[in-house]
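Next come the chains, spelled out residue by residue.
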Amino acid sequence: MNTANNTPTISVSGWKPDLRAGWVCAIVLAMLLISAAVASAAKVVVEAEHYYTIKAAMAKASSQVASGSAYIHIPLQRPHGTTEGAPSDTGYALFKVKIPKTGTYNLWGRVHWYDGCGNSFFLKIDDKPAMVFGNDGTYQRWHWVRGLRISLTEGVHTIRFQNREDGAKLDQFMLTTDTRYVPVRAEKETKQYVIRPE
Ligand SMILES: [Ca+2]
């Protein structure tokens, strides 16, 4: 036993600890973990025209610039509402979606708003209280808006977009567990998660 040297050393011949190699390993491991997390993120994309049921005044409409060439909307009224009063009717579109895994999801909507009095829906998930979706200040063009962040269990859930203001359009909506993901263009629909009537 060597008692002259109490400094712990590694006795494998020819091997010396290399701090740089350690950092490289740590960075590679971190990248692998991040990519695994992204790969396992759940994403559900639904075309708004693929509702389960719809009630007027919510209506389906066609547009060559909408994904799937269709969207749903609360048609503009004449005169257009200029106050944030009560909606003129209880029109809505109800969706049934299969959530692939339990988790916390960001809900996004690809929307087109007429103006500041035509820029929102009510959003109701399952039997939770309805919340306002939208109310941002981008008008007259399709864009993505982030809504609520919600915990959902694996299985079927109902999502309802309801009339709040006339002139509000919805092309797609998306639920994703990837909190850093920001959609830019229209997304490819995940048909396997969208339940349609027989
Ligand atoms: Ca669409």
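None of the values given here were measured: they were computed from a predicted structure.

1. Section: the overall build of the protein
Here's step 1: The secondary structure content of the protein amounts to one helix and 12 strands.
Here's step 2: Order of helices (α) and strands (β) in the protein, N terminus to C terminus: α-β-β-β-β-β-β-β-β-β-β-β-β.
Here's step 3: Counting over 198 residues, the protein shows a buried share of 29%.
Here's step 4: Relative to all contacts within the protein whose residues are 6 or more apart in sequence, the contacts with residues 24 or more apart total 78%.

2. Comments concerning unusual backbone geometry
Here's step 1: Here the bond from Ala-56 into Ala-57 is cis, since omega is 15 degrees, no more than 30 degrees from zero.
Here's step 2: For the bond running from Arg-78 to Pro-79, omega is -5 degrees, close enough to zero to count as cis.
Here's step 3: Relative to the elements of secondary structure, Pro-79 occurs in the loop between strand 4 (70-74) and strand 5 (92-99).
Here's step 4: Although it is not a glycine, Ser-69 adopts a positive phi angle of roughly 60 degrees.
Here's step 5: Looking at the element boundaries, Ser-69 is found in the loop between strand 3 (59-62) and strand 4.
Here's step 6: Given 12 C-beta atoms within a 10 Å radius, Ser-69 is considered exposed.
Here's step 7: Located in the positive-phi region is Gln-140, a residue other than glycine, with phi close to 65 degrees.
Here's step 8: Note that Gln-140 resides in the loop between strand 8 (131-134) and strand 9 (143-152).

3. Regarding the nonpolar core
Here's step 1: By size, the foremost hydrophobic cluster in this structure holds 31 residues, and its most contacted members are Ile-72, Ala-93, Leu-170 and Phe-173.
Here's step 2: Those elements that place two or more of their residues in this core are strand 1 (43-47), strand 4, strand 5, strand 6 (103-113), strand 7 (120-125), strand 10 (155-162) and strand 11 (168-176).
Here's step 3: If we skip the residues at most four places from it in the chain, Ala-93 touches Ala-48, Tyr-51, Ile-54, Met-58, Ile-72 and Phe-161.

4. A look at the pairing of strand 6
Here's step 1: The buried count for strand 6 comes to eight of 11 residues, which makes it a mostly enclosed element.
Here's step 2: Bridge analysis of strand 6 against strand 9 gives eight bridges, and the strand direction is antiparallel. Counted as the bridge partner of Asn-106 is Arg-149 from strand 9.
Here's step 3: Two strands pair when backbone bridges link them, and strand 6 and strand 11 are joined in this way by eight bridges, in the antiparallel orientation. Residue pairing in the sheet places His-112 in a bridge with Lys-169 of strand 11.

5. Section: the environment of Asp-89
Here's step 1: Relative to the elements of secondary structure, Asp-89 occurs in the loop between strand 4 and strand 5.
Here's step 2: Through-space distance from the C-alpha of Asp-89 to that of Glu-165 is 9.8 Å; in sequence the pair is 76 residues apart.

6. Regarding the environment of Ala-56
Here's step 1: Following the sequence through the fold, Ala-56 ends up in the loop between strand 2 (53-55) and strand 3.
Here's step 2: Exposure remark for Ala-56: the 12 C-beta atoms within 10 Å place this residue in the exposed category.
Here's step 3: Sequence separation between Ala-56 and Asp-89 is 33 residues, and the spatial gap between their C-alpha atoms is 8.0 Å.

7. Topic: the confidence of the model for the protein
Here's step 1: Residues of the protein with pLDDT of at least 70 account for 86%, and the chain-wide mean is 89.
Here's step 2: Scored below 50 in pLDDT, residues 1-5 shows zero contacts in the model against residues more than four places distant or in partner chains.

8. A closer look at the pairing of strand 1
Here's step 1: Within strand 1, four of the five residues are buried, leaving the element largely enclosed by the surrounding structure.
Here's step 2: Bridge analysis of strand 1 against strand 11 gives five bridges, and the strand direction is antiparallel. Within the sheet, the bridge partner assigned to Val-46 lies in strand 11 and is Phe-173.

9. Quick word on the environment of His-143
Here's step 1: Mapped onto the fold, His-143 is located in strand 9.
Here's step 2: Considering only alpha carbons, one finds His-143 and His-112, 31 residues apart in sequence, at a separation of 6.6 Å.
Here's step 3: If sequence neighbours within four positions are ignored, His-143 has contacts with Val-111 and Thr-138.

Cut-off values and rules
Residues numbered from 1 in each chain as written. Predicted model: local features only at pLDDT ≥ 70, side-chain atom pairs only at ≥ 80, totals over all residues. Helix = DSSP H or I, 4+ residues; strand = E, 2+ residues; numbered from the N terminus. Buried ≥ 20, exposed ≤ 12 C-beta atoms within 10 Å, placed from the backbone. Contact = placed C-beta atoms within 7 Å. Core = buried A, V, L, I, M, F, W, Y, C linked by C-beta atoms within 7 Å. Pairing = 2+ DSSP bridges. pLDDT = per-residue confidence, 0-100.

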